[in-house]
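Each chain, written out:
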Amino acid sequence: MTAYLKLDHIDKVFTRGAATTEVLKDINLTIEKGEYVSIIGHSGCGKSTLLNIIAGLTGVTTGVVLLENREVNSPGPDRAVVFQNHSLLPWLTVYENVRLGVDKVFAKTKSRAERDAWVMHNLNLVQMAHARDKRPSEISGGMKQRVGIARALAMEPKVLLLDEPFGALDALTRAHLQDSVMALHQKLGNTILMITHDVDEAVLLSDRIVMMTNGPSARIGEVLEVPLARPRKRLELATNATYLKCRQRVLEFLYERHRFVEAA
Amino acid sequence: MSMTATKIEVKTAKPVATVAPVVALTPKRPPRTEAYARMARETAVRVIPPLIVIALLTLIWELVCRRAGSALPPPSKVFSDTKELIFDPFFDNGGIDKGLFWHLSASLQRVAFGYSLSAIAGIALGVLVGQSVWAMRGLDPLFQVLRTIPPLAWLPLSLAAFRDGQPSAIFVIFITSIWPIIINTAVGIRNIPQDYRNVAAVVQLNPLEFFAKIMIPAAAPYIFTGLRIGIGLSWLAIVAAEMLIGGVGIGFFIWDAWNSSHISEIILALFYVGIVGFVLDRLIAGAGKLVTRGTAQN
């Protein structure tokens, strides 16, 4: 297996005054190019911390993140993030929000006209070109998340990091957006790492599901391959035996072996 | 894996196709006169109540101050005494014997100068204090003490330092209006959501771009709150400062009127001071609305 993104023995300890909390313990994970990997776990298990570490927004205590065999320890557009609450800048229009990243990443390699075309191309990919001059407050939650995806895609990241991208959306919008992300993955072949707490979402979208144990000192409990052919169809999968088995496995992991104690 | 599925039979009812004639509707537009009438009504609702209150207060004032021997003149006397000042604000007889326009514009120039300086310095210091924990720890206690010093207490010191009325007045405006600008800017910077900082980090904005593209727009609502308080304070300070430094300016005009017992002129001047202060406040508020368009929501 060729490692594209590699997490090597990552530990993360938060220190506040005299108190220390070990959030992540000995995380090892290898992701291939073009793979879609989901990380699932109960809230508070440190999965967002893990994503922030890969994004470079949080530092590791020990261990290393390797992207194409190069260590990464600061944020950069090669690991673009789609944030949970879209994080569009409210004073910029949809177009300007995407353009902000494009202008930085392609400052030297693309001309003004090319950058403009590239922004519109990415807005078209997520079907948001019609709203280019709207401000984030004027579009719906699902549309904001689409723009967030366009902003990340437009930076041509090596790895696209999705931090619970559909968490704040209603069920119908979420399904619609999941289909869009699947289609984009199919079309562009991005390497995607997604944080989620939705079992169906994880099984539907991923090639592999990384299940995390409860924190503190969360580890990778189990990694499940999802051997479903692509393109996947939501409706057909609802009765697919493999799909149901995978779903069952994740549910068992989350609700039997690593039940969320605090919620009980 | 074997499984037994429960069969659910669903009967779907097919809607009976009916052909209905399509009627094109022309949207009804209210006649223009009606729109004008509504606009007039809306204006009236806003304008009439304050007019009634002002008329009533003027009437009471007139009745109270009318009798002989009253210390303050009634509005009718104020008007007859100051007719010349009201109708000819542009005369200039040299020295400080000028129309009210010149006095007000002299004061406004001082305010414009001092306030611009304090806006620039205040935003810069506010950004520093908001961004850096060490700057905040070092400077904040100082600011908290200095900002309680009344404007006029600075005047003797600045006269000693500058040895001239003009820069001293400007300094007093500067030092009075800078504190709310610093403090509000710092709060705005500190309240920039982590999300925006993350976005900037992923996009790899350099510090200058971060300042211009994230920090200033994100903190703009706070900054404008500070600027608005600041303009009010500087207008408060200028009248007091000018009373002491003398020369052309609305503050000294009032003081001069008092020394010559022209009570009516004082009342007229106060009226103008109030109106100008109100306009300044509205100007900054309007500018704020324009700049923070979109930022305030969300």
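Please refer to the structure higher up on the page.
Residues numbered from 1 in each chain as written. Chains lettered and ligands numbered in written order. Predicted model: local features only at pLDDT ≥ 70, side-chain atom pairs only at ≥ 80, totals over all residues. Heavy atoms only, no water.

Quick notes on the packing of aromatic side chains
Note the threshold: Note on ring pairs: Phe, Tyr and Trp rings are taken, using the six-membered ring of Trp, and paired if centres are within 6.5 Å. Classes follow the plane angle, with under 30 degrees stacked, over 60 edge-to-face and the rest tilted. The helix and strand labels rest on DSSP assignments: H or I over at least four residues marks a helix, E over at least two residues marks a strand, and numbering proceeds from the N terminus. Each residue's exposure class comes from its accessible area (1.4 Å probe, protein chains only) as a fraction of the maximum for that residue type: buried when under 20%, exposed when over 50%, partly exposed otherwise. Charge-over-ring placement is defined geometrically: NZ (Lys) or CZ (Arg) within 6 Å of the ring centre, and within 35 degrees of the ring normal.
Following the criterion strictly, the structure yields 10 aromatic pairs over all chains and no others. Taking the centre distance of 5.6 Å and the plane angle of 50° together, the rings of B:Phe143 and B:Trp179 count as tilted. Residue B:Phe143 is located in helix H4 (residues 133-146), and its partner B:Trp179 is located in helix H6 (residues 165-190); the two are separated by 36 residues in the primary sequence. The burial state of B:Phe143 is the same as that of B:Trp179; both residues are buried. Ring pairing ties together the aromatic residues B:Trp154, B:Phe162, B:Phe171 and B:Phe174, which thus form one cluster. The cationic tip of A:Lys110 hangs over the ring face of A:Phe106; the distance from NZ or CZ to the ring centre is 4.3 Å. Over the aromatic face of A:Tyr95 sits the side chain of A:Arg132, whose NZ or CZ is 4.4 Å from the ring centroid.

Concerning the pairing of strand S1 (residues 5-16) of chain A
Residue and element names in this part refer to chain A. For the record, the criterion: Whether two strands pair comes down to DSSP finding at least two bridges between them.
Bridge count for S1 against strand S2 (residues 19-31) is 9 bridges, and the pairing is antiparallel. Counterpart to Val13 in the pairing with S2 is Glu22. From the end of S1 to the start of S2, which pair antiparallel, there are 2 residues, and Gly17 there has a positive phi angle of about 60°. Strand direction decides the pairing type here: S1 and strand S4 (residues 62-67), joined by 5 bridges, are antiparallel. Residue Asp11 lies in a different strand from S4, and its bridge partner there is Thr62.

Comments concerning the sheet that holds S4(A)
Pairing between sheet strands relies on hydrogen bonds along the backbone, with the strands arranged either parallel or antiparallel. Residues and elements named next belong to chain A. Using the following cut-off: Residue contacts are defined here by distance: any two heavy atoms, one from each residue, within 4.5 Å place the two residues in contact. Comment: axis = line fitted to C-alpha atoms, over the contacting stretch for helices; angle = value between 0 and 180 degrees taken between N-to-C directions.
Taken together, 4 strands build an open sheet; the order of strands is S2-S1-S4-S5 and the sheet is antiparallel. Edge positions in the sheet fall to S2 and strand S5 (70-71), since each has one partner strand and no second. The strands touched by helix H1 (residues 47-55) are S1, S2 and S4; relative to S1, the strand with the most contacts, the crossing angle is about 115°.

A closer look at the pairing of strand S9 (residues 208-212) of chain A
All names here are of chain A. Of all 5 residues in S9, 5 are buried, a share of seventy percent or more. Relative to S9, strand S3 (residues 36-40) runs parallel, the two sharing 4 bridges. When the bridges of S9 are listed, Val37 appears paired with Arg208.

Brief notes about the environment of A:Ser74
As for its position among the elements, A:Ser74 is in the loop between S5 and strand S6 (81-82). With residues near it in sequence (within four places) discarded, A:Ser74 still touches A:Ala55, A:Gly56 and A:Arg79.

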